[in-house]
Amino acid sequence: MALIEVRDLVKEYKLNVRNRGIMGSLKNLLIPEYTTKKAVDGIDFSIEKGETVGFIGPNGAGKSSTVKMLTGILVPTSGTISIGGLSPYKDRKKNASRLGVVFGQRTQLWWDLPVSDTYDLLKHIYKIPEQVYKKNLDMFSEMLDLHNFIRQPVRQLSLGQKMRADIAAALLHDPEIIFFDEPTIGLDVIAKEKIREFVKQINKEKGTTMLFTTHDMVDIEKTCERMIIIDHGIKIYDGTVDEIKRNYGRERILAVEFSEADLNIFIPGAQLTNEKGNKKWFRFSKDDIQVSELISTLSQKYTIVDLTVEETDIEEIIRQIYQGGIHLSESLSGVC
Ligand SMILES: Nc1ncnc2c1ncn2[C@@H]1O[C@H](COP(=O)(O)OP(=O)(O)O)[C@@H](O)[C@H]1O
Ligand SMILES: [Mg+2]
């Protein structure tokens, strides 16, 4: 049996239907009406000890709902979850010491206290032995540069500092499994990189099992070997990151702003997909043409004001999976 086993997991939310006007308000009060929203629609997966799994999907796909059920915060509508043989919501207390959770949009740190005070409190709550606590704190301070702000109240920290402090807090008690829910959301590229590096290193050094939700494909490429893609509460892929990388995202979009409009530009191997004023968008494949080559060809002939290369995002990958544009080997894919 795998460390984490999820079978036919469903989460429905009950929503109040709001009628408008005075009569509507009266009706809302006397005969409330409800609809249901299926956020997670029958998901299955297993995760072995030591795996790093990226759980990716667009906003509203059902990622946070799944993580909340895995941690025992939410009770599933139906289906089963087993974490090391225990149910997260029935055996919440027993599971607590084995799990660590980081929510990118919510902090577990005490807002008005210095970060170090939260850590002291966690040490007592989890009964972390002095040696383990000290060793972990030293290690995380070093890896996440906590020294600079550990004595500051949380409310004074930047988003990136708060996130790093939160990640260390979730790992102080040496959990066997850690769930990250969008830990890089809202962060700049450098802050994101730091977190990705840390996640990778912790998995390597401590063998911690990790589930990492994100809507950012780069997070997954840099931290995980396996990925599960969900869309509208349904699993549409479960396999290696390499396979997705081989199949998707050979294409890039180059957006260029020229100094003048009405230029007639032809680039062999690239296709003009859109134009607006001085700006033009070209689609090209990494296999046919190098970005550097493309930029140098253009800049030799024209004056470029601004230029960006857009990576394929998760929405595009999902579109390609549905259209059958990504040919996944059957043994690995879980495309429904
Ligand atoms: N507490 C809630 N009550 C009602 N609907 C919710 C609630 N939480 C999430 N949802 C809805 O469920 C769907 C999945 O949400 P969520 O699990 O947060 O997705 P994700 O984390 O992938 O963005 C969304 O349509 C969202 O609006
Ligand atoms: Mg979410």
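Report follows, based on the coordinates. Note that the structure is predicted; figures quoted are calculated from it, not measured.

Rules used throughout
- Residues numbered from 1 in each chain as written.
- Chains lettered and ligands numbered in written order.
- Predicted model: local features only at pLDDT ≥ 70, side-chain atom pairs only at ≥ 80, totals over all residues.
- Heavy atoms only, no water.
- Helix = DSSP H or I, 4+ residues; strand = E, 2+ residues; numbered from the N terminus.
- Buried < 20%, exposed > 50% of the residue type's maximum accessible area, 1.4 Å probe, protein only.
- Areas by Shrake-Rupley, 256 points an atom, 1.4 Å probe, with all protein chains shown as cover.
- Lys, Arg positive; Asp, Glu negative; His and termini not counted.
- Charge placed at Lys NZ, Arg CZ, Asp CG, Glu CD.
- Pairing = 2+ DSSP bridges.
- Near = heavy atom within 4 Å.
- Polar contact = N/O pair within 3.5 Å; in protein donor to acceptor, adjacent residues only side chain to side chain.
- Axes fitted to C-alpha atoms, helices over the stretch in contact; angles between N-to-C directions.

1. A look at the overall build of the protein chain
Here's step 1: Within the protein chain, the secondary structure is distributed over eleven helices and 13 strands.
Here's step 2: Counting only C-alpha atoms, the protein chain reaches 70 × 60 × 50 Å along its principal axes.
Here's step 3: Across the 336 residues in the protein chain, those meeting the buried criterion constitute 47%.
Here's step 4: Carbon and sulfur atoms form 50% of the exposed surface of the protein chain, whose accessible area is close to 17,600 Å².
Here's step 5: Side chains of the protein chain give 45 positive and 48 negative charges; the mean places of these two sets differ by 6 Å.

2. Topic: unusual backbone geometry
The bulk of non-glycine residues show a negative phi, and the bulk of peptide bonds are trans.
Here's step 1: One non-glycine residue with positive phi stands out, namely Asp 8, at about 50 degrees.
Here's step 2: With respect to the helices and strands, the residue Asp 8 is situated in strand S1 (residues 4-17).

3. Some remarks on the pairing of strand S10 (residues 251-258)
Here's step 1: Counting buried positions along S10 yields six of eight residues, so the element is predominantly enclosed.
Here's step 2: Relative to strand S12 (residues 279-285), S10 runs antiparallel, the two being bridged by seven bridges. Residue Val 256 lies in a different strand from S12, and its bridge partner there is Lys 280.
Here's step 3: As paired elements, S10 and strand S13 (residues 304-310) share six bridges and run antiparallel to each other. What sits directly across from Glu 257, in S13, is Asp 306.

4. Side note on the site of ligand 1
Here's step 1: Around ligand 1 sit Tyr 13, Leu 15, Lys 37, Ala 39, Pro 58, Asn 59, Gly 60, Ala 61, Gly 62, Lys 63, Ser 64 and Ser 65, and those are all the residues in its vicinity.
Here's step 2: Lys 37 has a polar side-chain atom sitting 3.4 Å from an oxygen atom of ligand 1.
Here's step 3: Ser 65 is positioned with one of its side-chain polar atoms (N or O) 2.6 Å from an oxygen atom of ligand 1.
Here's step 4: Calculation on ligand 1 without its partners gives an accessible area of 560 Å², and the protein chains cover 64% of this total.

5. Topic: the sheet that holds strand S11 (residues 270-276)
Here's step 1: Taking strand neighbours across the sheet as the criterion, the four strands line up as S11-S12-S10-S13 in an open arrangement whose pairing is antiparallel. Edge positions in the open sheet fall to S11 and S13, since each of these has one partner strand only. The average angle at which neighbouring strand axes cross in this sheet is 20 degrees, direction not considered.

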